[in-house]
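Chain residues, written in single-letter form:
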Number of protein chains: 2
Amino acid sequence: MQFHLNGFQPGDPDLHPAACGATTALPEAVDVLIVGSGPAGLVLAAQLARFPGIVTRVVERRAGRLQLGQADGIACRSVEMFQAFGLAEPLLREAYWVNETAFWRPAAADRQRIERTGRVQDTEDGLSEFPHVIVNQARIQDYLLDSMLKSPQRLAPDYNLALAHITRDEHPSHPVQATLQRTDGGPEVQVRARYLVGCDGARSQVRAAIGQQLRGDAANHAWGVMDVLAVTDFPDVRLKAAVQSAAGNMILIPREGGHLVRLYVDLGEVTEANRAAIRATAVEALIATAQRILQPYVLEVKSVVWSSVYEVGQRLTDRFDDSVDAAGQVREPRVFIAGDACHTHSAKAGQGMNVSMQDAFNLGWKLAAVLQGRSPTSLLASYSQERQPVAQELINFDKEWSAMMGAPPKDPLNPAAGGVDPSELQAYFVQAGRYTAGVATRYRPGPLTGRGTWQALASGLAIGARFHSAPVIRLADARPMQLGHAAQADGRWRLYAFADASGQALAGLCEYLLNDPGSPVRRFTPAGADLDSVLDVRAVYRQALPVEQLPALLLPRKGCFGLIDYEKAFVVDPAADIFALRGIDPVHGALVLVRPDQYIAHVLPLDGHGELEAFLQPILVPQ
Amino acid sequence: MQFHLNGFQPGDPDLHPAACGATTALPEAVDVLIVGSGPAGLVLAAQLARFPGIVTRVVERRAGRLQLGQADGIACRSVEMFQAFGLAEPLLREAYWVNETAFWRPAAADRQRIERTGRVQDTEDGLSEFPHVIVNQARIQDYLLDSMLKSPQRLAPDYNLALAHITRDEHPSHPVQATLQRTDGGPEVQVRARYLVGCDGARSQVRAAIGQQLRGDAANHAWGVMDVLAVTDFPDVRLKAAVQSAAGNMILIPREGGHLVRLYVDLGEVTEANRAAIRATAVEALIATAQRILQPYVLEVKSVVWSSVYEVGQRLTDRFDDSVDAAGQVREPRVFIAGDACHTHSAKAGQGMNVSMQDAFNLGWKLAAVLQGRSPTSLLASYSQERQPVAQELINFDKEWSAMMGAPPKDPLNPAAGGVDPSELQAYFVQAGRYTAGVATRYRPGPLTGRGTWQALASGLAIGARFHSAPVIRLADARPMQLGHAAQADGRWRLYAFADASGQALAGLCEYLLNDPGSPVRRFTPAGADLDSVLDVRAVYRQALPVEQLPALLLPRKGCFGLIDYEKAFVVDPAADIFALRGIDPVHGALVLVRPDQYIAHVLPLDGHGELEAFLQPILVPQ
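In this text the structure is predicted, and so the values were computed from the model without any measurement.

A.B. asks: I would appreciate a short explanation of the overall build of chain A in the present structure.
C.D. replies: The number of helices and strands found in chain A is 15 helices and 28 strands. For 623 residues, the compact-globule estimate of 2.2 N^0.38 gives 25 Å, and the C-alpha radius of gyration of chain A, at 26 Å, lies within 12% of that figure. Evaluated residue by residue, chain A yields a buried proportion of 62% over its 623 residues. Looking at chain A alone, contacts between residues at least 24 apart form 72% of all its contacts between residues at least 6 apart. Per element, the accessible surface of chain A, about 22300 Å² overall, is 51% carbon and sulfur. Charge-centre separation for chain A: the mean point of 58 positive side chains lies 2 Å from the mean point of 67 negative side chains.

A.B. asks: Quick question: what am I supposed to make of the relation of the copies chain A and chain B here?
C.D. replies: To go from the first copy of the chain to the second, apply a rotation about an axis and then a shift along the same axis. Rotating chain A by 180 degrees about the axis while translating it 0.0 Å along that axis superimposes it on chain B, leaving an RMSD of 0.0 Å. Taken together, these values place the two copies in the relation of a two-fold axis. Proximity to the rotation axis, assessed at the C-alpha, singles out Glu89(A) in chain A; its C-alpha lies 3.1 Å from the axis. Same-surface contact between copies: 100% of interface residues of chain A are shared with the interface of chain B.

A.B. asks: Sorry, what's going on with helix H15 (residues 609-616) of chain A here?
C.D. replies: Helical periodicity: at 3.6 residues per turn, an α-helix aligns residues three or four positions apart in one direction. All names here are of chain A. Three or more residues of H15 are buried, namely Leu612, Phe615 and Leu616. Along the long axis of H15, the arc covered by the buried residues comes to 90 degrees, so they all point the same way. Tucked inside the fold, the buried residues of H15 contact strand S22 (493-498), helix H12 (504-515), helix H13 (520-524), strand S23 (535-541), strand S27 (590-594) and strand S28 (600-604).

A.B. asks: Help me understand the sheet that holds strand S7 (residues 133-134) of chain A in this model?
C.D. replies: By definition, the strands of a sheet pair up through backbone hydrogen bonds, in either a parallel or an antiparallel sense. Residues and elements named next belong to chain A. Spatial strand order, S3-S7-S4: three strands in an open sheet with antiparallel pairing. Unpaired on one side and paired on the other, strand S3 (73-74) and strand S4 (96-97) mark the two borders of the sheet. Bridge count for S3 against S7 is two bridges, and the pairing is antiparallel. Bridge pairing in S7 places isoleucine 74 opposite valine 133.

A.B. asks: Would you explain unusual backbone geometry in this entry?
C.D. replies: Leaving glycine aside, a negative phi is the common case for residues, and trans is the common case for peptide bonds. All names here are of chain A. A cis geometry characterises the amide bond from glutamine 295 onward to proline 296, with omega recorded as 10 degrees. You can see proline 296 is positioned in the loop between helix H7 (283-293) and strand S16 (299-312). Not every positive phi belongs to a glycine, and arginine 154 is a case in point at roughly 45 degrees. Assignment of secondary structure puts arginine 154 in the loop between helix H4 (137-150) and strand S8 (161-168).

A.B. asks: Teacher, can you tell me more about the pattern of salt bridges here?
C.D. replies: Where side chains of opposite charge bring their charged atoms close, a pairing between them can arise. For the structure shown, the criterion picks out 102 salt bridges over all chains. Put simply, Asp146(A) and Arg65(A) hold a salt bridge, and the shortest N to O gap is 3.1 Å. Taken together, the positions of Asp146(A) in helix H4 and Arg65(A) in the loop between strand S2 (56-59) and S3 put the pair 81 residues apart, joining distant regions of the chain. Taking the relative accessible area as the measure of exposure, Asp146(A) reaches 35% and is therefore partly exposed. Put simply, Lys302(B) and Glu300(B) hold a salt bridge, and the shortest N to O gap is 2.8 Å. Assessed through its relative accessible area of 29%, Lys302(B) is described here as partly exposed. Salt bridges sharing partners connect three or more residues here, namely Asp490(A), Arg492(A), Arg494(A), Asp532(A), Asp536(A), Arg538(A), Lys558(A), Asp565(A) and Lys568(A).

A.B. asks: Explanation requested: the packing of aromatic side chains in the structure shown.
C.D. replies: Given two aromatic rings, one states the distance between the centres and the angle between the planes to describe the pair. Inspection of every chain in the model, using the stated rule, returns 30 aromatic pairs over all chains. Considering the side-chain rings of Phe234(A) and Tyr297(A), the 5.7 Å spacing of their centres and the 75 degrees angle between planes classify their relative orientation as edge-to-face. Note that Phe234(A) is positioned in the loop between strand S12 (221-232) and strand S13 (240-245) and Tyr297(A) in the loop between H7 and S16, a separation of 63 residues in sequence. Neither Phe234(A) nor Tyr297(A) differs from the other in exposure class; each is buried. Members of the aromatic cluster, joined through ring pairs, are Tyr195(A), Phe320(A), Phe336(A) and Tyr383(A). Here the guanidinium or amino end of Arg479(A) rests over the ring plane of Trp97(B), the centre of that ring lying 3.8 Å away. Lying over the aromatic face of Tyr143(B), Arg139(B) brings its terminal NZ or CZ to 5.2 Å of the ring centre.

Basis of the calculations
- Numbering of residues starts from 1 in each chain and follows the order in which that chain's sequence is written.
- To read the labels, note that chains go from A and ligands from 1, taken in the order they are written.
- Whole-chain, interface and lining totals are the exception, using all residues; otherwise, since this is a predicted model, local features are given only for residues with pLDDT of at least 70 and side-chain atom pairs are given and counted only at 80 or more.
- Computation of side-chain values: all heavy atoms of the structure, hydrogens and water removed.
- Put simply, DSSP H or I for four residues or longer makes a helix, DSSP E for two residues or longer makes a strand, and each gets a number counted from the N terminus.
- Each radius of gyration reported is based on C-alpha atoms, and the globular scaling rule is 2.2 Å times the count of residues to the power 0.38.
- Only protein chains enter the accessibility calculation, which uses a 1.4 Å probe. A residue is then buried if its area is under 20% of the maximum for its type, exposed if over 50%, and partly exposed in between.
- Working rule for contacts: check all heavy atoms of both residues, and any pair within 4.5 Å makes them a contact.
- Each accessible area value is a Shrake-Rupley result obtained with a 1.4 Å probe; residue values ignore everything except the protein chains displayed when judging cover.
- None of His or the chain ends enter the tally, which takes Lys and Arg as positive and Asp and Glu as negative.
- To locate a charge, take atom NZ for lysine, CZ for arginine, CG for aspartate or CD for glutamate.
- Fitting of the copies onto one another was done by least squares over C-alpha atoms, counting residues only where both copies have pLDDT of at least 70.
- It is the directions from the helix axis to the C-beta atoms that the arc portrays.
- Note on pairing: two strands pair once DSSP finds at least 2 bridges between them.
- For this analysis, a salt bridge means a side-chain nitrogen from Lys or Arg found within 4 Å of a carboxyl oxygen belonging to Asp or Glu.
- Paired rings are identified among Phe, Tyr and Trp, the last through its six-membered ring, by centres lying within 6.5 Å, and are further divided according to the angle between planes into stacked (under 30 degrees), edge-to-face (over 60) and tilted (the rest).
- Only when the NZ atom of a Lys or the CZ atom of an Arg is both within 6 Å of the ring centre and within 35 degrees of the ring normal do we say a charge sits over the ring.

Next comes the structure, spelled out in C-alpha cells:
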C-alpha cells in the first residue's frame, strides 16, 4: 500500500485525510443517496466514500449495525474485491475457509443411517489467489463500515431512517427527491439527490417507486436455517457437507471461530395447505429434523444463535434502473436498484450476498466517474445492461442447484422413485465450482467490453471476465506479489502491458502514452492531476532490467513533492510465470485494459494505439 | 482463530470479553508495574493484558503515543512473535518488505562515483515463513496498544507519569513500592507492585535503582539518521542498500508506504575534540553528506520527517533483575529490566527493537505463570539467565557488524590503506543473515532447555531455538496452515507430537496424557479448566485419518457448553512435508515441547513419558 506521498502522516495509513467539508449531518442535497445498509449498500458506500469530492449518504431503517444471522458465504471473487478495498487480510484471518466439501447419503445396508460417499476440493486449484470463505454477513458489513469511516468522506449510515417515497422531477442537478421517515419518531426529512440507489432488499420500496417488479417462479420449497453451537459425533462437522438422508436433506456449513455451524434443513415442498405451518416451524422442530437426518450420529444443540425459515423464490426485475419512464420513453437513469431489490434466489449456492456486492461494485465506479466528470452520463445505462443478465444467469443456475440440493436421494432398490444419486450431486458440485466461486461472470461485448479480435494475445485473460491475478515480482523492490493487487477500489482503469520479446512495442506504447497528443493518458487525465490518476499503466517484463532503464511513463512524478512512484513495473516470478499462466503471447506481448471493478474491458496489441483510443473515446471525457 | 466458545459474541472477535473488575484507574496495588511504553514495555503489557486475572499497569513519562522516528526494522523472528499476538497480517500489509539488499562501492575508474557491485537476497529461503520487514516503531507500538485495549484487561498506558524512585521491602505480597511523578504537574502517586519491570530505555532509572550499570566500550563512531521524502535517480532507492563511497558510508533503508526512505550516514570517529561538533550536526549537513556519498546520483530531499545523530555504544548490564541484593545475597527477583535499559548497541544491524521485544516475550509468560500459580517463583530467575547471554551475543555481533559497516572501502590502488572490500561486506552480510533475522538465538541447557539426548528425533528443531514453523493441513477442516501458528501468546505450552510410523506410540502418548495419574496434563491443569489450558497438545499425522478415529485427547471438550475443539490434529501437507523439512524421525516420530514464547524446551521420544514428567516437574506447579 502507498502512503506518505504528500508528507508523512502519523498513525493508521488506512485513515485517509478527511475531505474538505466532510460532515456527519445529513445534508439537504447529496450526490448519491443509498437506501439500505446491507452488503450491496455498503459496498457502494465504501466505494463512493473514497472520493473526496462526492457526497454520499446511506439511510437505514434499522437502529444500528447488524449483529448476526443472514448470509455468510464469501466467494473467491468477493475476496478479490475485498482485496481492492484493503479488507482481505482481516477477513481471511477471521473467516472459516471452505477447503473441501463432503457428501453423505443413506447407507446401502440401512437407509436410516447416513454414510460418507466422497469428499472433494471446494475450489479448483488456481481459480483464484483467494479461498472461498465463510463469515457472518454482520462482520462483512462491519469491515465495510470501518472502511467508510476511514475514507475521506468519513461516511457512516444514518440509522432509523426509512424511505417513505421518492419522486423524480426536472431539477437541473438533483432531480431525485426522497422523503424519509424517522423510525424512532421525529419529523420527516427531505433529501435531494443527483442519484438514488435502492439497496433495500427483497421488499424494496425503491423498486416499487420505479415501477419494477420481481418476476419469476412462486416459491415452493422451504428450508430452515440455523446457526448453532453444538456437540456432535458427526465427523465432518468442520467440513462443508451436503447430506442426503431418508429423513430429508441438509447442508452443513462450518463457521468462523472454530465452533459455530450453520445448518440448512430441507422442509419440503410448500403448498397452499401447508405454507402457514411450514413458516411457523419452531426451531425445536428444525433441530429435531436435523437430528433425524444425521442418524446414526448424535447432534446435541447447546445454543441456537439465529434461525429462520424461508422459501426459495427465484425472481428478477426486467431492469435495474429507471431508464424507461412510465410512458415507455428512454431517459437518463437517475434511480438504480441493486442486490436483493432486483433479484432473489436460494441461499444454498451461497451467491446472493456475493452477486449483490458485485452489483454495487459495478455501479460504484460508474457513478463516481460520471460525478467526477471523467465519463459521460451515458456510462450509467451499462449498469443495468450488464448486471441484469448476470442475475438471470444466477437464477438459472440457482434453479438447477436448488433442485439438486432439494431432491431426495436415489434409492438403488427403488430407482423408479427418482431422485438424485450422490455421485451426480458431487459431479455437479465440481462442475459448478467456477460459478459458485464467482469467477464465471463474463460481460457481453458492448461499450465496456471489447470484441475478441486480439484475445489470442492473452488467451487466459478473457475479455469480459474478471482480471485473473497471478504472481509477479515488483521490479524496484523485488517484492513478490499478485499483479491483480495493483488494482485498488479507487475508480482508476488499469492498463497491464505485458512486454513483447524485443521490448520495442512496450517502449513504443509507453512513449506514445506519455507524449503523443492522441494518448488517452494525456487526453483523459485532468490538468494538475497525477499522471496515473485516470489510467494506471503497469508493465510486466519477462526479464529483470535495471530501474534506471525503465521508460519515464513507468516512473511517474506524483503528489505535491513530485515524488517518483516506483510501483509500476514488474518482472516474471520464475516460480510462476504469468506469461505462461495467463497465455500471454511471448513474442508480441499484450495490452490488457481492466476496468475499475477489475473486469477485463479489452485485450489489444501493444502497438494498437488507435484501437485503444477508439475504445476509450466513448467511455472517458477529455479533460 | 477461535471464538464463540462460550456463546456467540457479535462484533470484532479480537475484542475479548472484559475481565471482571477491569478498570482504567491506576490502582494502589498492581501485580505488575511496567515503566516505559516502548517496544519492550508494550510487548510485555500486551502479553500480560491477555490474562483476565492479572492486573498490570504501564506508566510512561511522555504525554501520549509515539508518532514517528526511532527504530524500524522488524526481523522475521519478531513477525513470528507478532503472529502469536494476532498482529502479523496488518503489519505485513503495511510494512516495506526487505527482499533484497544492494551493495555499492567507489567505481574503479573514478572513485568519486559509486557503482553497484551486487545484490543479494535479504533472507535465506526457508528461514522463516515471514519476511524481514520495515515499519515505523510508532506503528509497531500502535498495534500493541490496540491489542492491549482489546484484551480482557482493556489496558492502556498511564501517560505523563515518570518514575521518581522505587523501594523493595518486606511487604508480604507487594514488596515493590514505586513513587511516580506527574510530568504535567499534580501530586506524586504511590503504587505497590508484586513485580516491577523497567522498560525505560538507555537512561533507565529502574536500572539505577537495582544497582545495575551499563558496561562496555565508550562510544566512538557517530552516525546521522534521517527519514526523508526525496527525489533521486539513485536506482536502488527502493532496495536496502549498503553504500561505501570515497565520501563515507551510508545505509539506505526504504520504508513503508512506497516513498519514505531512511538514510544512515556515517559521521566518522568521535574524539573528545570533535564530539560536541558531531553531536550538533545539522540535518542540512547530513543531507549534504548523503548527497556526496551518492555521487554521481542526485538526491533532492523534499521533506525531512525525523532526524537524529547518535554514537554507537555497545554496552550491557551484568544481570537483568534484582536477584542479588546490595550485600551480594541471592534472593527472589522482584524488579526486572528489559530492552535498552539493559543493552545498547548500534541501529544498523536492526536488532535493538527486536531483541528488546524478545526480552519482554521471554519475561511475560514467566510472570504470568507465576502470578497464576502455575509455575514456581523460581522460574523468574531464568529471565536474566537466558536473556543476558543473548544480549552479550548481540553486542559481539554488533561490534563486528558496525566495524564492517563503518570501515572505509578498500582501494585497489592503495591496498595498504586498509578498509573492507565490498565483496567481503556482501559475504559477511549473507553469513550473518540468520542472526539478523533473529532466528539464531539458542538458549543454553538449563531448567527450561533440555539436553540434546533425543535431538536426532527432530534434527531440524533445535532444542533452545525458536520453533521453526512449517506447513501442515488441519485434519478436521482440511485447511492449509502453518503449524507454528497454533501457538498464540496465551501463556500455554505446546506439545507437538509427530506421529510414529505405526501410530502406536502417538496413541500411547495421548492415552497416557489423558488418563495416567502421572500425566502432566492431569497434574498441572487446574480443576475445571479446559484440558488444553496449560499444556496444549497438537498431533501431526503422516497420513490423513478420519476425524472419528482421533484419540479423545485430540478432541477435547471445552468451555461452558463442552464444545469439541477440532483444531488439535494435522496431517502432512504433500507440497511441503514437515517431517522432511524439520528432520522428524519417520519411524519413531517425536514429541517437541515448546514454551509459551515459542522456544523449543525439549525433544523427546513419544514414549518418553517419564522424561516428560521429570522435565516439567520443576517448571510447573501441580494443581
